[in-house]
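Residue-level structure breakdown
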4 protein chains.
Amino acid sequence: MFEIACIIAYICSMNKKGFASDNNSGVHPQIFEAMAKANKGHVKGYGDDPYTREAISLFQKHFGDETDVYFVFNGTGANVLSISGLTQSFNSIICPATAHIAVDECGAPEKFSGCKLIPVQTSNGKLTPELIKPHLHGFDFEHHAQPKMISISQVTELGTLYTVDEIKAIANLAHSHNMYLHLDGARIANAAVTLDLPFKAFTRDAGVDVVSFGGTKNGMLMGEAVLFFNPALATKVKYFRKQSGQLFSKMRYVGAQFTAYFENDLWKSSAAHANKMAKILAQKVETLGVKITQPVEANGVFAIIDNEIRNKLQEKYFFYPWDENNNEVRWMCSFDTTEEEINDFCSSLEELLNG
Amino acid sequence: MFEIACIIAYICSMNKKGFASDNNSGVHPQIFEAMAKANKGHVKGYGDDPYTREAISLFQKHFGDETDVYFVFNGTGANVLSISGLTQSFNSIICPATAHIAVDECGAPEKFSGCKLIPVQTSNGKLTPELIKPHLHGFDFEHHAQPKMISISQVTELGTLYTVDEIKAIANLAHSHNMYLHLDGARIANAAVTLDLPFKAFTRDAGVDVVSFGGTKNGMLMGEAVLFFNPALATKVKYFRKQSGQLFSKMRYVGAQFTAYFENDLWKSSAAHANKMAKILAQKVETLGVKITQPVEANGVFAIIDNEIRNKLQEKYFFYPWDENNNEVRWMCSFDTTEEEINDFCSSLEELLNG
Amino acid sequence: MFEIACIIAYICSMNKKGFASDNNSGVHPQIFEAMAKANKGHVKGYGDDPYTREAISLFQKHFGDETDVYFVFNGTGANVLSISGLTQSFNSIICPATAHIAVDECGAPEKFSGCKLIPVQTSNGKLTPELIKPHLHGFDFEHHAQPKMISISQVTELGTLYTVDEIKAIANLAHSHNMYLHLDGARIANAAVTLDLPFKAFTRDAGVDVVSFGGTKNGMLMGEAVLFFNPALATKVKYFRKQSGQLFSKMRYVGAQFTAYFENDLWKSSAAHANKMAKILAQKVETLGVKITQPVEANGVFAIIDNEIRNKLQEKYFFYPWDENNNEVRWMCSFDTTEEEINDFCSSLEELLNG
Amino acid sequence: MFEIACIIAYICSMNKKGFASDNNSGVHPQIFEAMAKANKGHVKGYGDDPYTREAISLFQKHFGDETDVYFVFNGTGANVLSISGLTQSFNSIICPATAHIAVDECGAPEKFSGCKLIPVQTSNGKLTPELIKPHLHGFDFEHHAQPKMISISQVTELGTLYTVDEIKAIANLAHSHNMYLHLDGARIANAAVTLDLPFKAFTRDAGVDVVSFGGTKNGMLMGEAVLFFNPALATKVKYFRKQSGQLFSKMRYVGAQFTAYFENDLWKSSAAHANKMAKILAQKVETLGVKITQPVEANGVFAIIDNEIRNKLQEKYFFYPWDENNNEVRWMCSFDTTEEEINDFCSSLEELLNG
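Please read all numbers here as calculations on a predicted model, not as lab measurements. (Residues numbered from 1 in each chain as written. Chains lettered and ligands numbered in written order. Predicted model: local features only at pLDDT ≥ 70, side-chain atom pairs only at ≥ 80, totals over all residues. Heavy atoms only, no water.)

1. Comments concerning the relation of the copies chain C and chain D
Laying chain C over chain D is done by rotating through 180° and shifting 0.0 Å along the axis; what remains is an RMSD of 0.0 Å. Here the symmetry operator amounts to a two-fold rotation axis. The residues that chain C uses at the interface reappear at the interface of chain D in 100% of cases, marking a shared surface. (Least-squares fit on C-alpha atoms with pLDDT ≥ 70 in both. Contact = heavy atoms within 4.5 Å.)

2. Brief notes about the interface of chain C and chain D
By convention, interface size is frequently given as the accessible area that disappears when the constituent parts associate. Each partner contributes to the interface: chain C provides 58 residues, whereas chain D provides 58 residues. Summed over both partners, the interface of chain C with chain D comes to about 5,400 Å²; 60% of that surface belongs to carbon and sulfur atoms. Summed over the three residues of chain C that lose the most area to chain D, namely C:His42, C:Lys111 and C:Lys250, the buried surface amounts to 15% of that side. Summed over the shared surface of chain C and chain D, the number is 0 salt bridges. Remark: the boundary between chain C and chain D carries 37 residue pairs in polar contact (both at pLDDT 80 or more). For the side of chain C that touches chain D, the secondary-structure elements that each account for two or more residues are helix H1 (2-14), helix H2 (29-38), helix H3 (50-63), helix H6 (108-113), helix H10 (237-243) and helix H11 (252-262) of chain C. Considering every element that reaches the side of chain C that touches chain D, the biggest residue donor is H1(C), with 4 residues. Across the side of chain C that touches chain D, the residue classes tally to 25 nonpolar, 22 polar and 11 charged. (Buried area = accessible area lost by both parts, 1.4 Å probe. Salt bridge = Lys/Arg side-chain N within 4 Å of Asp/Glu carboxyl O. Polar contact = N/O pair within 3.5 Å; in protein donor to acceptor, adjacent residues only side chain to side chain. Helix = DSSP H or I, 4+ residues; strand = E, 2+ residues; numbered from the N terminus. Nonpolar A, V, L, I, M, F, W, Y, C, P; charged D, E, K, R; others polar.)

3. Digging into the sheet that holds strand S4 (residues 146-153) of chain A
All names here are of chain A. Spatially, 7 strands are ordered S1-S7-S6-S5-S4-S2-S3 in an open sheet, and the strand pairing comes out mixed. Because the sheet does not close on itself, it has two edges, and the strands there are strand S1 (68-72) and strand S3 (116-120). Averaged over all adjacent pairs, the angle separating strand axes in this sheet is 20°, with direction ignored. As defined by bridge partners, strand S5 (residues 180-185) adjoins strand S6 (residues 210-214) across 4 bridges and the pair is classed as parallel. Among the inter-strand pairings, Gly185 is bridged to a residue of S6, identified as Phe213. Running over the sheet, helix H11 (residues 252-262) touches S1, S6 and strand S7 (224-228) and is turned about 85° from S6. (Pairing = 2+ DSSP bridges. Axes fitted to C-alpha atoms, helices over the stretch in contact; angles between N-to-C directions.)

4. Focus on the interface of chain B and chain D
Each partner contributes to the interface: chain B provides 18 residues, whereas chain D provides 18 residues. Taken over both partners, the interface formed by chain B and chain D buries close to 1,800 Å², and the fraction arising from carbon and sulfur atoms is 56%. Area buried by chain B at its contact with chain D is led by B:Phe90, B:Glu142 and B:Tyr239, which between them contribute 39% of it. The salt bridge involving B:Glu142 is made with D:Arg241; its shortest N-O contact spans 3.8 Å. Our count for the chain B to chain D interface comes out at 5 residue pairs in polar contact (both at pLDDT 80 or more). At 6 residues, helix H10 (residues 237-243) of chain B tops the list of elements feeding residues into the side of chain B that touches chain D. Across the side of chain B that touches chain D, the residue classes break down as 6 nonpolar, 6 polar and 6 charged.

5. Quick look at the pairing of strand S5 (residues 180-185) of chain B
All names here are of chain B. S5 sits mainly inside the fold: 6 of its 6 residues count as buried. Along S5, one buried face is formed by Tyr180, His182 and Asp184 and the opposite face, lined by Leu181, Leu183 and Gly185, is buried too. Pairing of strand S4 (residues 146-153) with S5, which is carried by 5 bridges, proceeds in the parallel orientation. Bridge pairing in S5 links Ile150 to Leu181. The β-α-β motif built from S4, the intervening helix H8 (residues 164-176) and the parallel element S5 has right-handed crossover chirality. (Buried < 20%, exposed > 50% of the residue type's maximum accessible area, 1.4 Å probe, protein only. Right-handed = clockwise from strand over helix to strand, strands pointing away.)

6. Looking at the sheet that holds strand S6 (residues 210-214) of chain C
Residues and elements named next belong to chain C. Across the sheet, 7 strands lie side by side as S1-S7-S6-S5-S4-S2-S3; this open sheet has mixed pairing. Of all strands in the sheet, those with a lone pairing partner are strand S1 (68-72) and strand S3 (116-120), marking the two edges. Within this sheet the neighbouring strands show an average axis-to-axis angle of 20°, counted without direction. Packed on one face of the sheet, H3 meets S1, S6 and strand S7 (224-228) and runs near 125° to S1. Lying on the sheet, H11 is in contact with S1, S6 and S7; it crosses S6 at an angle near 85°.

7. As for unusual backbone geometry
Going from B:Gln154 to B:Val155, the amide bond is cis rather than trans, its omega being -5°. Assignment of secondary structure puts B:Val155 in the loop between S4 and H8. Positive phi values are uncommon outside glycine, yet A:Asp196 reaches one of about 55°. As for its position among the elements, A:Asp196 is in the loop between helix H9 (188-195) and S6. In this structure A:Asp196 comes out as exposed when scored by relative accessible area, which is 64%. Of note, C:Asp265 is a non-glycine position whose phi angle comes to about 50°, a positive value. For C:Asp265, the location among the structural elements is in the loop between H11 and helix H12 (266-287). The partly exposed category is assigned to C:Asp265, whose relative accessible area is 32%.

Right, dumping it as structure tokens:
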């Protein structure tokens, strides 16, 4: 094992912290500590334990007492549950063409819910009532998958944000057609920080019906919460959670993490840091002449960079191309990104650009 | 939060370690430590990291180089993946009526794979060729779901074990009908300890095609592995893992756990302890006149106990009834069960019996 | 084409009317005539036509005004729709192990509804409360597929019948557990004739919630109806019918057939004839010493016959083995079976037996 | 019944043959006659009969000996089978946004196959390699539904046609990415007539892998065929046909229809007539100043017409709006449309336009 440990250490040293994804980061020490504290004795499985109950009560503090909270393993699980809980297989779900549910989940929503996804082209990852309306037809017509849900991401997959009013407008449109509004909040903490609003203000209070609340991308080991604001609608959810393989036996370790996440607003300082780092990164690369393609409203930076330079840069830092046809790349910052790393990264980039 | 911490401490002190399930236990300290060590810096997500690679190589050491290893979150996820990887929706799967896939997964196998489950009554949770054969008909007949898989559990849900020869006989029957043999190894470590055999001897070498290898019930936080012994058959699996919501972004924390699990045969000492505790528990309750209903071959004890006494005992110790019609209960031991706890439990039971 | 016509004529002459299945028969002339009459001009598609409306109103006459009627192509389609309309994917359905939905639909119910089927062993194809009760557990327990439907066949797949009281007892049991009772009526006309009761008496009035009403096996070209007795429960059905591929564009041809089916009680005379032929067949083969294994209560005869003799008999008459392990065969009579054919068949059988 | 017959007659006289859909027509007399001739005696069910065999051999004459032919009830059934036969649930299917599978099947393809549909905006219902290419990415990347099929309609839902070269270009693109090309031929006869080519020339010979061959819209009662040109790929199909509820017990009546359909090229004369009527209709309404929005290449006419006029016209003739936002309507001609009906319709339209 010594040998192996050496190899690992070597590889890790090679793998400088990059800007690939906020899920390439580890677990925030305070969150890890909370799991360690929970690692004592026996408790009942599957959520019937004090850690889970405590975390649920914290969610209800943030989102309102009448919130049904279901913990799951990951974002795909959360989205599948959000969708299945409020739809039948003959429904359709309107979402941006860039939505995680449309692009990054290997068809999980269709497979589990049976629903049709209707991807809508956008310039910035954001739906608007105008973009949605052309798809609101065929109601009661059995040949047509029945529109039942609008799904938006906050933060969007392009790092942009909806204002409260923008969400309200979409929620009103949804409800006026007897539809539901889902918010994919894989990076909801980063949104709350930029908006400088409580979670509730741009979800429940803005008319959102169900939220996928992400923890993993902001310093948790794993753990997401599905939040239904009208418990009467969530009667099927506990069964779907089990049937979709998302019911965790040792649930206490998610409960303990979320409790630490909310304690002293750890979620906020972590997300604020990530957002700040992204701002700095964007400013620095802009001064190098790099074009930023989307407003930097959270912890992601989208930029245009020549393919050859990108390849060389990726030898030192792992990150993902976003739109290869347009030489667009994505750089993500996380709770543990440091300014030094940004400087380092920008120096390398500068060298290549001047190369 | 202080108040909450107090409440938790109080509740935990109330929750004596019971015999409800091996997943009511926490995480083995060595495994927890391994996660802590892995909690440094950034690594690529979704399994492309050194921790995961190391764990995979350890699995291949135990099960043979030609083993495709897919880590998932939990047992339901592992079983769904094992099934889906080797079947089409028009197939059927023959399993004991007591199988976890048949009874305890809220229909997850049917939902994801589309397959029909054919539950077979057994006396001890074990299939035999004789029990299986009456269901091997209708091949090529399109009206009939096509039998394609036999699924057995080792340890069974009744705490019993298959011998290597028994598994071979079932595997031969399966293969002679162009079918596959799946082994649900949620408690595979407990089986290996009792059989005193390497994992490979009663899986790959006995003709098993795919294994759900469990870690959670033997001291891991979470983490199971799906093992395909013929990688040519597993071409669909990586997509199904993602589509079923079982692809973990921060996979390193499963990798690190499994590496610790195999190091110094931690899996073996943990399972051996649990098995030993079950033996002791069974002996002690038997001396109290309690009837044991199944041979105690692993870490579970099945016993008959009067309903009234059960209810009183449950006030002190949480555990599950198994078959309420027959007053049968299940007591599970785990890696951290102590003899003192058993004595304590038996004293309480004795008092009630002597009531 | 002349040549082909000759070949067809030759083959048909070879294919004596046998006793394979009531769906090997053709279309009753009066029903065919009704389609011919409907074959004029244009009408709207998908059921918005006078023929379909007329047929629906006839169903409502027979089953009560508050009956939602959905025409589909075939029995598998009807059963899938009956199930899907009243369940969620996490539900289970209790049925006899011999049920068509369990044995003869290649897993269609599981695939479309996601539900688990729980097959129950019976001696005569009939469920009883006693046989059902052991499966009524796990309610509200999310690990367990939630029992939501009991499904019985009337006539059963073994040619036997439920009395009204037997159905009522099962319906009461279902309803007391917040479950539904489905009746697979692929041969419902044959049942009504033997019971000498209106359809309504042993369906709606006995507590059945949804019926698959078959027409094909009693002289129609194709066409079944799914009947929901509480329209409030059937809100999903029109969408599921389309989504399951069971919405017929030229629906008028099913409507016209069912109208003819009900006119002058054609359904009754056809089914009565088939039942009578089965009685005669059974009596005749019994006099030859053949053992009849099930009471002949409708149009099917189940008998034990030596394999060698069966094979020889099948050279002249096509029919299906039922249970090859027990040398059991099934002979079905239909609306167009003649006594002469029975005599002919019995003569052949007699020769072989005396052979 | 006399009363009912009168009502029906009255309603039918009200329902002048309109231009709603080619499935509002009845059954061609020669096809009906063929069913009548087949309505004799008993034949085996589910396709094992001489009528079905004869029809299959005719398909093989038209499409090549190596063609696997599966008859189904309707177009949705055919498309679902075409898709399921060649995909896994983690695949995606690229199709025009106007495709029947995307718009008119209530999500049946997603529900049964689990696949994701990727709808592509087009101006005329036709895909091109340029429109497809941006969606050909993410291969081997498990987060992304794997592109496996391109689906085109010939005739398209907008009444337009692909040339053989256009189909070849798409087929080549598909095959170069290890994908399949599906052709939805609900109106394939109308396409063959305009192209003046044998079916094979623009399907198998152009690289198409699987065809949904429609009969219903060109004078059949019901009946479509799924054609796989590489039988080695179709091994799952017979099971999926049964599992999807598309296996017809009295299959002979589809077989007999298709035989009549091919005899003396009835399919061709019927489709040629419908196409001709559409041409005449288009010319006549154009002389009235109505704008035609798509080239009239088959039996459909798409036109812009003021909403108020449309409503009045619909009082006399039932037809569907196509795109209400743009005042676009669709008029379909069928094998039994007459010039007199067109004249009548145009007179009414003229009156309204001048009104």
